[in-house]
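Working through the structure, step by step
So you can see what is in the structure, the chains are spelled out below.
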Amino acid sequence: MKRAFALLALIECIFLFVVFAFESTASQQPDPAFNARVSDPAYAIRHPRALFDEAHNNSHTADGTYKPFLDLIKSDGYLVSINEKRFSRQSLAGYSVLIIVNATGSQEKRESPAFTKEECDAVRDWVQAGGSLLLVIDHAPFNTPSAELAARFSVDISPGFVIDKKNFNTESDDQTEIIFSRDNSLLLKHPITEGRTAAERVNRVITFSGVSVKGPDAGVQFLKLSSDAFDILRPEKEKVSDDPEAARVDWKQAPAGGRGQAVALEFEKGRVVVFGNAAALTAQIGSKDIHYGMNVSGFGNRQLALNIMHWLSRLLK
């Protein structure tokens, strides 16, 4: 019994940390010292067109916390445009890659669907015809708004957040910061992790307070969650007790083994990557000069971001 209550207390503490992390997002800034220069751009002559979405109450913007990611891919030779309208056949025409990061519903109800049925259909049809989608989501309130779009590609997004009781960042002692490496067998072989050369091969990746995803059998969950990983799910509101002590037992813990934090899949003529953490693919600085993402030393997040784009733009087969 003591062990059960200790676990519930841990879950509550972790959840409160994630909530705090969301509430303090405004205090996180793009790292001005991040080196976004690519010395040998992949696209020095031909320049694939990428569309970065800002039309769906996105928490990450091109001149805000996702500036490091966009600076990186621009240096690599991509032409980036900002999307400020609903998705349609016309608005997506002419682009090679669509990038969506933490889209949400209305300001009044951020966890509501970010996209209309018609928009989901338009994106699906565009991918079917040869487009490539990078869909990046985080823990609540950013997971459920994109669930319907992800489902168009048979990808399931957890409504909670994920922890790993073994493969976490011991330096921060935070079980929501998960390490994927070749040593722990959680970084799987895929063109995205292998790159074109030994220099582009990714060996270690870290994520920060994200969600688990599950793709179709034909997809590859190249960031694989271990049997020590769990989704932490909030109780249904109508079942939450008014008694704070009684409410603790309403927290749910669901095994996340067999799921992942990133999945890549072919979808007819197109390609899709669903990535379960936004911070991992940019470079941010939080309070006390804490680094999050591509600027954390000892990890290959920077190269992973480039390799994801290379696979989506078909530089990687």
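Residues numbered from 1 in each chain as written. Predicted model: local features only at pLDDT ≥ 70, side-chain atom pairs only at ≥ 80, totals over all residues. Heavy atoms only, no water.

A few words now on the overall build of the chain. The secondary structure content of the chain amounts to eight helices and 18 strands. Taking contacts inside the chain between residues at least 6 apart in sequence as the whole, the part at least 24 apart equals 77%. (Helix = DSSP H or I, 4+ residues; strand = E, 2+ residues; numbered from the N terminus. Contact = heavy atoms within 4.5 Å.)

Below, the discussion takes up the nonpolar core. Formed by 49 residues in total, the largest nonpolar core has its most connected members in Phe69, Ile99, Phe222, Phe275 and Ile308. Grouped together as the second largest cluster of nonpolar side chains are 28 residues, Ala114, Leu135, Ile137 and Phe267 included. (Core = buried A, V, L, I, M, F, W, Y, C linked by side-chain atoms within 4.5 Å. Buried < 20%, exposed > 50% of the residue type's maximum accessible area, 1.4 Å probe, protein only.)

This part takes up helix α2 (residues 67-75). Every α-helical turn comprises 3.6 residues, leaving residues that sit three or four positions apart pointing alike. Among the residues making up α2, those that are buried are Pro68, Phe69, Leu70, Leu72 and Ile73. Two residues or fewer past α2, Gly77 is found with a positive phi of approximately 110 degrees.

What follows concerns the confidence of the model for the chain. For the chain, the average pLDDT comes to 90, and 87% of its residues sit at 70 or higher. Across residues 244-248, where pLDDT falls below 50, the model places six contacts with residues more than four positions away in sequence or in other chains. (pLDDT = per-residue confidence, 0-100.)

Turning to the pairing of strand β4 (residues 97-101), a few remarks are in order. Within β4, five of the five residues are buried, leaving the element largely enclosed by the surrounding structure. The side-chain alternation of β4 yields two buried faces, one formed by Val97, Ile99 and Val101 and the other by Leu98 and Ile100. Taken together, the three bridges between strand β2 (residues 49-53) and β4 define a ladder with parallel strand orientation. Bridging across to β4, Ala50 finds its partner in Val97. Pairing analysis gives five bridges linking β4 to strand β5 (residues 132-136), with the strands arranged parallel. The residue bridging Val101 from the neighbouring strand is Val136, located in β5. Each parallel crossover has a hand, and the one from β4 via helix α4 (residues 117-128) to β5 is right-handed. (Pairing = 2+ DSSP bridges. Right-handed = clockwise from strand over helix to strand, strands pointing away.)

Among the structural elements, Asp138 can be located in the loop between β5 and α5 (147-151). No salt bridge is formed by the buried Asp138; its nearest oppositely charged neighbour, Arg110, is found at 11 Å. A polar atom in the side chain of Asp138 sits 2.9 Å from the side chain of Asn277. Every residue in contact with Asp138, bar those within four places of it in the chain, is listed here: His60, Asn102, Asn143, Phe208, Ser209, Gly210, Val211, Gly276, Asn277, Ala278 and Ala279. (Lys, Arg positive; Asp, Glu negative; His and termini not counted. Salt bridge = Lys/Arg side-chain N within 4 Å of Asp/Glu carboxyl O. Polar contact = N/O pair within 3.5 Å; in protein donor to acceptor, adjacent residues only side chain to side chain.)

With that out of the way, let us pick up α4. Taking 1.5 Å of rise per residue, the 12 residues of α4 would be expected to cover 16 Å, and the 16 Å separating its terminal C-alpha atoms lies within 8% of that figure. Along α4, the residues classified as buried are Glu119, Cys120, Asp121, Ala122, Val123, Trp126 and Val127. Those residues of α4 that are buried are in contact with α3 (89-92), β4, β5, α5, β15 (260-267) and β16 (270-275). Of the residues flanking the end of α4, it is Gly130, one or two places downstream, whose phi is positive at about 130 degrees. (Expected span 1.5 Å × (residues − 1).)

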